Amino acid sequence: MKNWTPLTWTLFLLGEAILIAGFCLFGHRLPDNVYYLDLIISSVIYILLFLNFARPMVRLDDESGSDVGSLGISWTFTGWYAVLSVICMIAMPYCDLEFKYQLIAQAILLFFLLMGIIFSRESSSKVAEVYHREKSMTDGMDNVRRQMRAVLDTLAETRNVPAPVRQRIDRINESLRYISPSDNPEAEGLETLMAESLADINRALADVELNRSLIDSRLSRTERCCENRKKLFSR
(Lines give C-alpha, C1' and ligand atoms only; values in the text may rest on other atoms or scores of the structure.)
Protein backbone atom coordinates (compact mmCIF):
# COMPACT_ATOMS: atom_id res chain seq x y z
CA MET A 1 0.00 0.00 0.00
CA LYS A 2 2.93 2.34 0.54
CA ASN A 3 3.51 2.36 -3.24
CA TRP A 4 -0.09 3.25 -4.08
CA THR A 5 -0.62 6.31 -6.22
CA PRO A 6 -3.38 8.88 -5.57
CA LEU A 7 -5.34 7.22 -8.40
CA THR A 8 -5.09 3.82 -6.68
CA TRP A 9 -6.33 5.29 -3.42
CA THR A 10 -9.16 7.04 -5.22
CA LEU A 11 -10.28 3.83 -6.91
CA PHE A 12 -10.04 1.91 -3.64
CA LEU A 13 -12.12 4.43 -1.70
CA LEU A 14 -14.62 4.76 -4.55
CA GLY A 15 -15.12 0.99 -4.63
CA GLU A 16 -15.65 0.84 -0.88
CA ALA A 17 -18.11 3.74 -1.10
CA ILE A 18 -20.08 1.92 -3.81
CA LEU A 19 -20.14 -1.21 -1.65
CA ILE A 20 -21.47 0.67 1.38
CA ALA A 21 -24.01 2.51 -0.79
CA GLY A 22 -25.23 -0.81 -2.14
CA PHE A 23 -25.84 -2.12 1.36
CA CYS A 24 -27.59 1.09 2.35
CA LEU A 25 -29.93 0.88 -0.66
CA PHE A 26 -30.63 -2.83 -0.82
CA GLY A 27 -29.76 -4.21 2.62
CA HIS A 28 -32.34 -2.38 4.72
CA ARG A 29 -34.52 -5.50 4.97
CA LEU A 30 -31.76 -7.43 6.72
CA PRO A 31 -31.67 -7.59 10.53
CA ASP A 32 -29.16 -5.15 11.95
CA ASN A 33 -26.74 -7.82 13.16
CA VAL A 34 -26.79 -9.65 9.79
CA TYR A 35 -26.56 -6.32 7.95
CA TYR A 36 -23.37 -5.26 9.73
CA LEU A 37 -21.85 -8.74 9.56
CA ASP A 38 -22.40 -8.96 5.81
CA LEU A 39 -21.11 -5.42 5.34
CA ILE A 40 -17.90 -6.21 7.23
CA ILE A 41 -17.34 -9.51 5.40
CA SER A 42 -18.06 -7.89 2.03
CA SER A 43 -15.54 -5.15 2.84
CA VAL A 44 -12.92 -7.73 3.80
CA ILE A 45 -13.47 -9.58 0.51
CA TYR A 46 -13.29 -6.34 -1.45
CA ILE A 47 -10.07 -5.26 0.27
CA LEU A 48 -8.41 -8.64 -0.31
CA LEU A 49 -9.33 -8.74 -3.99
CA PHE A 50 -8.35 -5.11 -4.53
CA LEU A 51 -4.98 -5.67 -2.86
CA ASN A 52 -4.30 -8.71 -5.02
CA PHE A 53 -5.19 -6.86 -8.21
CA ALA A 54 -3.57 -3.54 -7.28
CA ARG A 55 -0.17 -4.86 -6.30
CA PRO A 56 2.30 -6.13 -8.95
CA MET A 57 2.18 -9.89 -9.43
CA VAL A 58 5.98 -10.03 -9.07
CA ARG A 59 8.30 -7.30 -7.80
CA LEU A 60 11.08 -6.76 -10.32
CA ASP A 61 13.36 -5.31 -7.64
CA ASP A 62 13.20 -8.56 -5.65
CA GLU A 63 15.94 -10.82 -7.02
CA SER A 64 14.92 -13.70 -4.79
CA GLY A 65 11.49 -13.97 -6.43
CA SER A 66 9.89 -14.48 -3.03
CA ASP A 67 6.52 -13.22 -4.33
CA VAL A 68 6.35 -16.13 -6.76
CA GLY A 69 6.49 -18.60 -3.88
CA SER A 70 3.47 -17.06 -2.19
CA LEU A 71 1.39 -16.11 -5.22
CA GLY A 72 -0.44 -19.40 -5.67
CA ILE A 73 -1.22 -19.84 -1.98
CA SER A 74 -2.41 -16.25 -1.62
CA TRP A 75 -4.78 -16.40 -4.59
CA THR A 76 -6.09 -19.86 -3.67
CA PHE A 77 -7.04 -18.92 -0.11
CA THR A 78 -8.35 -15.49 -1.12
CA GLY A 79 -10.45 -16.93 -3.93
CA TRP A 80 -11.99 -19.71 -1.87
CA TYR A 81 -12.62 -17.36 1.04
CA ALA A 82 -14.45 -14.89 -1.21
CA VAL A 83 -16.60 -17.59 -2.84
CA LEU A 84 -17.50 -19.42 0.37
CA SER A 85 -18.20 -16.22 2.29
CA VAL A 86 -20.60 -14.99 -0.37
CA ILE A 87 -22.31 -18.40 -0.41
CA CYS A 88 -22.73 -18.21 3.37
CA MET A 89 -24.13 -14.68 3.17
CA ILE A 90 -26.74 -15.79 0.64
CA ALA A 91 -27.55 -19.36 1.66
CA MET A 92 -27.64 -19.16 5.45
CA PRO A 93 -30.29 -16.39 5.74
CA TYR A 94 -32.24 -18.13 2.97
CA CYS A 95 -32.27 -21.29 5.12
CA ASP A 96 -33.43 -19.22 8.12
CA LEU A 97 -30.37 -20.13 10.17
CA GLU A 98 -29.86 -18.07 13.30
CA PHE A 99 -27.36 -15.23 13.36
CA LYS A 100 -25.02 -17.10 15.69
CA TYR A 101 -24.52 -19.83 13.06
CA GLN A 102 -23.82 -17.23 10.41
CA LEU A 103 -21.29 -15.57 12.71
CA ILE A 104 -19.58 -18.89 13.50
CA ALA A 105 -19.42 -19.84 9.81
CA GLN A 106 -17.86 -16.50 8.86
CA ALA A 107 -15.43 -16.74 11.79
CA ILE A 108 -14.31 -20.20 10.62
CA LEU A 109 -13.78 -18.95 7.07
CA LEU A 110 -11.85 -15.94 8.38
CA PHE A 111 -9.70 -18.29 10.46
CA PHE A 112 -8.77 -20.31 7.37
CA LEU A 113 -8.07 -17.09 5.48
CA LEU A 114 -5.63 -15.99 8.19
CA MET A 115 -3.99 -19.41 8.03
CA GLY A 116 -3.59 -18.94 4.29
CA ILE A 117 -1.99 -15.54 4.79
CA ILE A 118 0.45 -17.05 7.30
CA PHE A 119 1.27 -19.94 4.95
CA SER A 120 1.76 -17.47 2.14
CA ARG A 121 4.17 -15.39 4.23
CA GLU A 122 6.07 -18.51 5.31
CA SER A 123 6.34 -19.68 1.71
CA SER A 124 7.62 -16.29 0.61
CA SER A 125 10.14 -16.26 3.45
CA LYS A 126 11.34 -19.78 2.59
CA VAL A 127 11.87 -18.86 -1.07
CA ALA A 128 13.93 -15.82 -0.05
CA GLU A 129 15.89 -17.91 2.44
CA VAL A 130 16.73 -20.55 -0.18
CA TYR A 131 17.75 -17.84 -2.66
CA HIS A 132 20.11 -16.11 -0.21
CA ARG A 133 21.55 -19.47 0.87
CA GLU A 134 22.27 -20.48 -2.72
CA LYS A 135 23.64 -17.04 -3.51
CA SER A 136 26.02 -17.20 -0.55
CA MET A 137 27.15 -20.63 -1.78
CA THR A 138 28.02 -19.32 -5.24
CA ASP A 139 29.35 -15.84 -4.41
CA GLY A 140 32.76 -17.14 -3.30
CA MET A 141 33.43 -19.20 -6.42
CA ASP A 142 32.05 -16.43 -8.63
CA ASN A 143 34.66 -14.12 -7.13
CA VAL A 144 37.41 -16.71 -7.71
CA ARG A 145 36.37 -17.12 -11.34
CA ARG A 146 36.30 -13.34 -11.83
CA GLN A 147 39.86 -13.13 -10.53
CA MET A 148 40.88 -16.01 -12.80
CA ARG A 149 39.40 -14.24 -15.83
CA ALA A 150 41.42 -11.15 -14.91
CA VAL A 151 44.58 -13.28 -14.70
CA LEU A 152 43.86 -14.85 -18.10
CA ASP A 153 43.29 -11.41 -19.63
CA THR A 154 46.59 -10.17 -18.22
CA LEU A 155 48.29 -13.36 -19.36
CA ALA A 156 47.04 -12.84 -22.91
CA GLU A 157 48.60 -9.35 -22.98
CA THR A 158 51.92 -10.35 -21.40
CA ARG A 159 54.51 -11.92 -23.69
CA ASN A 160 57.39 -12.86 -21.40
CA VAL A 161 55.53 -15.25 -19.08
CA PRO A 162 57.39 -18.58 -18.87
CA ALA A 163 55.60 -21.64 -20.28
CA PRO A 164 55.52 -23.47 -16.90
CA VAL A 165 53.66 -20.54 -15.32
CA ARG A 166 51.17 -20.44 -18.18
CA GLN A 167 50.60 -24.17 -17.91
CA ARG A 168 49.99 -24.02 -14.16
CA ILE A 169 47.50 -21.16 -14.60
CA ASP A 170 45.70 -23.11 -17.35
CA ARG A 171 45.48 -26.20 -15.12
CA ILE A 172 44.05 -24.14 -12.25
CA ASN A 173 41.52 -22.56 -14.59
CA GLU A 174 40.48 -26.00 -15.80
CA SER A 175 40.16 -27.29 -12.23
CA LEU A 176 37.89 -24.40 -11.25
CA ARG A 177 35.28 -25.65 -13.72
CA TYR A 178 34.73 -28.79 -11.68
CA ILE A 179 34.18 -27.16 -8.29
CA SER A 180 30.55 -27.25 -7.19
CA PRO A 181 28.92 -24.78 -4.76
CA SER A 182 29.15 -25.67 -1.08
CA ASP A 183 27.69 -24.32 2.16
CA ASN A 184 30.54 -25.80 4.18
CA PRO A 185 32.13 -23.01 6.30
CA GLU A 186 35.61 -24.22 5.32
CA ALA A 187 34.79 -23.64 1.64
CA GLU A 188 34.41 -19.90 2.18
CA GLY A 189 37.90 -19.61 3.63
CA LEU A 190 39.46 -21.56 0.76
CA GLU A 191 37.62 -19.49 -1.83
CA THR A 192 38.81 -16.28 -0.19
CA LEU A 193 42.42 -17.51 -0.25
CA MET A 194 42.15 -18.49 -3.91
CA ALA A 195 40.69 -15.12 -4.88
CA GLU A 196 43.40 -13.25 -2.96
CA SER A 197 46.16 -15.42 -4.45
CA LEU A 198 44.88 -14.92 -7.99
CA ALA A 199 44.67 -11.17 -7.40
CA ASP A 200 48.33 -11.22 -6.25
CA ILE A 201 49.29 -13.21 -9.35
CA ASN A 202 47.49 -10.76 -11.60
CA ARG A 203 49.41 -7.84 -10.12
CA ALA A 204 52.70 -9.72 -10.15
CA LEU A 205 52.44 -10.56 -13.86
CA ALA A 206 53.33 -6.92 -14.60
CA ASP A 207 56.98 -7.92 -13.96
CA VAL A 208 57.34 -11.69 -14.14
CA GLU A 209 61.11 -11.85 -13.64
CA LEU A 210 61.08 -9.67 -10.55
CA ASN A 211 58.04 -11.36 -9.03
CA ARG A 212 58.72 -14.95 -10.09
CA SER A 213 59.05 -16.28 -6.54
CA LEU A 214 55.82 -14.57 -5.48
CA ILE A 215 54.00 -15.96 -8.54
CA ASP A 216 55.23 -19.48 -7.82
CA SER A 217 54.23 -19.14 -4.17
CA ARG A 218 50.73 -17.92 -4.99
CA LEU A 219 50.27 -20.54 -7.70
CA SER A 220 51.20 -23.26 -5.21
CA ARG A 221 48.76 -21.87 -2.64
CA THR A 222 46.00 -21.65 -5.25
CA GLU A 223 46.64 -25.24 -6.36
CA ARG A 224 46.46 -26.52 -2.78
CA CYS A 225 43.30 -24.55 -2.05
CA CYS A 226 41.74 -25.73 -5.28
CA GLU A 227 42.42 -29.39 -4.49
CA ASN A 228 41.11 -29.01 -0.94
CA ARG A 229 38.05 -27.15 -2.19
CA LYS A 230 37.18 -29.96 -4.59
CA LYS A 231 36.80 -32.29 -1.62
CA LEU A 232 34.19 -30.12 0.08
CA PHE A 233 30.51 -30.60 -0.63
CA SER A 234 27.31 -29.16 0.83
CA ARG A 235 26.27 -30.43 4.23
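Our structure is the block above this text.
Here's what I pulled together on the structure shown here. Quantities reported herein were computed from a predicted structural model and do not represent experimental measurements.

Once that is clear, we can look at the overall build of the protein. Of regular secondary structure, the protein possesses seven helices and zero strands. Helices and strands appear in the protein in the N-to-C order α-α-α-α-α-α-α. For the C-alpha atoms alone, the extent of the protein along its principal axes is close to 95 × 40 × 20 Å. Within the protein, residue pairs in contact and separated by at least 24 positions form 75% of the contacts whose partners lie at least 6 positions apart.

This part covers the pattern of salt bridges. This model, assessed by the stated rule, comprises nine salt bridges. Note that E223 is salt-bridged to R168, the shortest N-O span being 3.0 Å. Here E223, found in helix α7 (residues 212-230), pairs with R168, found in helix α5 (residues 163-176); they are 55 residues apart in sequence, far enough to count as distant. A salt bridge links E227 to K230, with the nearest nitrogen and oxygen atoms 3.6 Å apart. Pair noted here: E227 and K230 are both in helix α7, with a separation of three residues, about one helical turn. What makes E227 partly exposed here is its relative accessible area of 40%.

What follows covers the nonpolar core. Membership of the largest hydrophobic core comes to 25 residues, with the highest contact counts inside it found for I169, L176 and L205. Secondary-structure elements contributing two or more residues to this core are α4 (99-157), α5, α6 (185-204) and α7. It is α6 that contributes the most residues to this core, seven residues altogether. Ranked by size, the runner-up nonpolar core spans 12 residues in total, among them L37, M89, M92 and L109.

What counts, and where the lines are drawn
- Think of each chain on its own: its residues are numbered from 1, step by step along the sequence as written.
- Confidence filtering applies because this is a predicted model: local features only for residues at pLDDT of at least 70, side-chain atom pairs given and counted only at 80 or more, and all residues used for totals across whole chains, interfaces and linings.
- Remark: hydrogens and water are excluded; side-chain values derive from all non-hydrogen atoms of the structure.
- For the purposes of this entry, the term helix denotes a DSSP run of H or I that reaches at least four residues, the term strand denotes a run of E that reaches at least two, and both are numbered from the N terminus.
- Residues are treated as being in contact if the distance between any of their heavy atoms lies within 4.5 Å.
- In what follows, salt bridge is the name for a side-chain nitrogen of Lys or Arg lying within 4 Å of a carboxyl oxygen of Asp or Glu.
- Each residue gets one of three labels from its accessible area relative to the maximum for its type: buried under 20%, exposed over 50%, partly exposed in between, using a 1.4 Å probe on protein chains only.
- To define a nonpolar core, start from buried Ala, Val, Leu, Ile, Met, Phe, Trp, Tyr and Cys residues and group those joined through side-chain atoms within 4.5 Å.

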